[in-house]
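# Examining the three-dimensional arrangement
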Amino acid sequence: MSRSINDYWYPVGLLSGIDAPHATLLLGADITVGRTHSAYWVTDAAGKALPTIKRFGHLWTCPGTPMDDLFTIPEADTAGRQLVDVGSVRVKCSPLRAVENFLDIAHFPFVHTDILGAEPHTEVARYNVDIREDANEVWATKVKFFQPQAAKSAEGGITTEYMYRVASPTCAVLYKTCPPRPGEWDVITLFVQPLNEEWCEVWPWMALYDDDSTMAEMVSFQQLIFMQDRSILENQIPTKLPLDPGMEVPTQADLTSIAYRRWLKKIGYTYGAQLVAA
């Protein structure tokens, strides 16, 4: 079902970093984010208070009328996990491009060389992708890839299993093999604040089992990964995400991207998208 872009929830700040009121953008409009004692708030350009939610270490707001609650990540509430506030990076790219890049496993050997991938292990084996109608989410499962260092806690290369979940148009969740606890999943998320159609604030966040690494080490590792992605994102042409399947040539490795684009068209979310060839 199509809805206004204003009726979704968006991240606008890290709870631990919000203090004095500060101005930012959301969907091209001015908003102000602030905190009074333990109360967090967001106002629009006219001073109207917007609804807020505190979840996953971030403050979320909806500039329109929320049609449902913000998605949940049950694993994040499991005892023993390290909840990692990574911070944010401002990127000159479409918010939808940022999400799609997060879903792309094929670039690992070439962009995250000797960390998340390495030659000659470049082939992406067939995996499953579906749009789950009940939850209105995109899921990719049974994704497997060899990684020299799958996480800060990993010792040596392993074949890592992934699951990708697109929980909202600008938010994705990755579940991956947890090196210290093979029966569990590490959770890595990408929450994207659309500043406008060609700029975004990216807020990674993680829920990990890692008793050996310091918080600073886990943050540094994830920041390194994203900074490697940033140069790719800022040089993509076209800047906006093409939704016409004929505008870019997909491969088997792009099944999740294809499903994501098809889903965006289905729900009518085109902010930051390019609908026809330039």
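Above this note sits the structure.
Residues numbered from 1 in each chain as written. Predicted model: local features only at pLDDT ≥ 70, side-chain atom pairs only at ≥ 80, totals over all residues. Heavy atoms only, no water.

This paragraph deals with the packing of aromatic side chains. Going through the model one piece at a time under the given rule, you end up with 12 aromatic pairs. A ring pair is formed by Tyr8 and Tyr269, whose centres lie 5.4 Å apart and whose planes are at 80°; its orientation type is edge-to-face. A residue pair is termed long-range when its members are at least 10 positions apart, and Tyr8 in the segment before β1 (10-14) and Tyr269 in the loop between α4 (255-267) and β16 (273-274) qualify at 261 residues. The exposure class of Tyr8 is buried, given its relative accessible area of 9%. Tyr269 gets classed as buried once you look at its relative accessible area, which sits at 1%. Three or more aromatic residues joined by ring pairs make a cluster, and in this case those are Phe56, Trp60, Phe71, Phe191 and Trp205. Over the aromatic face of Tyr8 sits the side chain of Arg3, whose NZ or CZ is 4.5 Å from the ring centroid. (Phe/Tyr/Trp six-rings, centres within 6.5 Å; stacked < 30°, edge-to-face > 60°. Helix = DSSP H or I, 4+ residues; strand = E, 2+ residues; numbered from the N terminus. Buried < 20%, exposed > 50% of the residue type's maximum accessible area, 1.4 Å probe, protein only. Lys NZ or Arg CZ within 6 Å of the ring centre and 35° of its normal.)

Bridge count between strand β5 (residues 52-55) and strand β6 (residues 58-61): four bridges; the pairing is antiparallel. Across the sheet, the residue bridging to Ile53 is Trp60, located in β6. Between β5 and the antiparallel strand that follows it, β6, lie two residues; Phe56 among them carries a positive phi value of about 55°. (Pairing = 2+ DSSP bridges.)

Along any regular strand the residues' side chains alternate between the sheet's two faces. Judged by how many residues are buried, strand β14 (residues 200-208) sits mostly within the fold: nine of nine residues are covered. Neither face of β14 is left uncovered, since the one carrying Cys200, Val202, Pro204, Met206 and Leu208 and the one carrying Glu201, Trp203, Trp205 and Ala207 both have all their residues buried. Pairing of strand β7 (residues 82-85) with β14, which is carried by four bridges, proceeds in the antiparallel orientation. Residue pairing across strands places Gln82 opposite Leu208, the latter belonging to β14. Bridge count for strand β8 (residues 89-91) against β14 is three bridges, and the pairing is antiparallel.

The subject of this paragraph is the sheet that holds strand β4 (residues 39-44). Judged by pairing direction, the sheet is antiparallel, and its three strands sit side by side in the order β2-β3-β4 without closing on themselves. Unpaired on one side and paired on the other, β2 (22-26) and β4 mark the two borders of the sheet. Geometrically, the sheet is characterised by an average inter-axis angle of 30° between neighbouring strands, direction not taken into account. Summarising the sheet, strand β3 (residues 29-36) and β4 pair through six bridges and their orientation is antiparallel. (Axes fitted to C-alpha atoms, helices over the stretch in contact; angles between N-to-C directions.)

This part is about the environment of Ser38. On the secondary structure map, Ser38 appears in the loop between β3 and β4. Classification of Ser38 as exposed rests on a relative accessible area of 56%. Expressed as a C-alpha distance, the spacing of Ser38 and Asp19, which sit 19 residues apart in the sequence, is 9.9 Å.

Quick look at unusual backbone geometry now. Residue Ile237 is joined to Pro238 through a cis peptide bond whose omega torsion reads 0°. By the element assignment, Pro238 lies in the loop between α3 (215-233) and β15 (241-242). For Leu27, which is not glycine, the phi dihedral falls at a positive 55°. For Lys142, which is not glycine, the phi dihedral falls at a positive 60°. Tracing the sequence through the fold places Lys142 in strand β10 (residues 137-147).

Within the secondary structure, Arg81 is located in the loop between β6 and β7. One buried charged side chain, Arg81, makes no salt bridge at all; its nearest oppositely charged neighbour is Glu184, positioned 4.3 Å away. A distance of 2.8 Å separates a polar atom in the side chain of Arg81 from the backbone oxygen of Trp185. Not counting chain neighbours up to four residues away, the residues in contact with Arg81 comprise Glu75, Glu184, Trp185, Asp186, Val187, Ala207, Leu208 and Tyr209. (Lys, Arg positive; Asp, Glu negative; His and termini not counted. Salt bridge = Lys/Arg side-chain N within 4 Å of Asp/Glu carboxyl O. Polar contact = N/O pair within 3.5 Å; in protein donor to acceptor, adjacent residues only side chain to side chain. Contact = heavy atoms within 4.5 Å.)

So, about helix α1 (residues 95-103). For an α-helix the count is 3.6 residues per turn, leaving residues at separations of three or four pointing the same way. For α1, a buried count of nine out of nine residues is recorded, marking the element as mostly surrounded by other parts of the structure. What α1 keeps buried is the set Pro95, Leu96, Arg97, Ala98, Val99, Glu100, Asn101, Phe102 and Leu103. With a side-chain oxygen lying 3.1 Å from the backbone nitrogen of Leu96, the N-terminal cap of α1 falls on Ser94.

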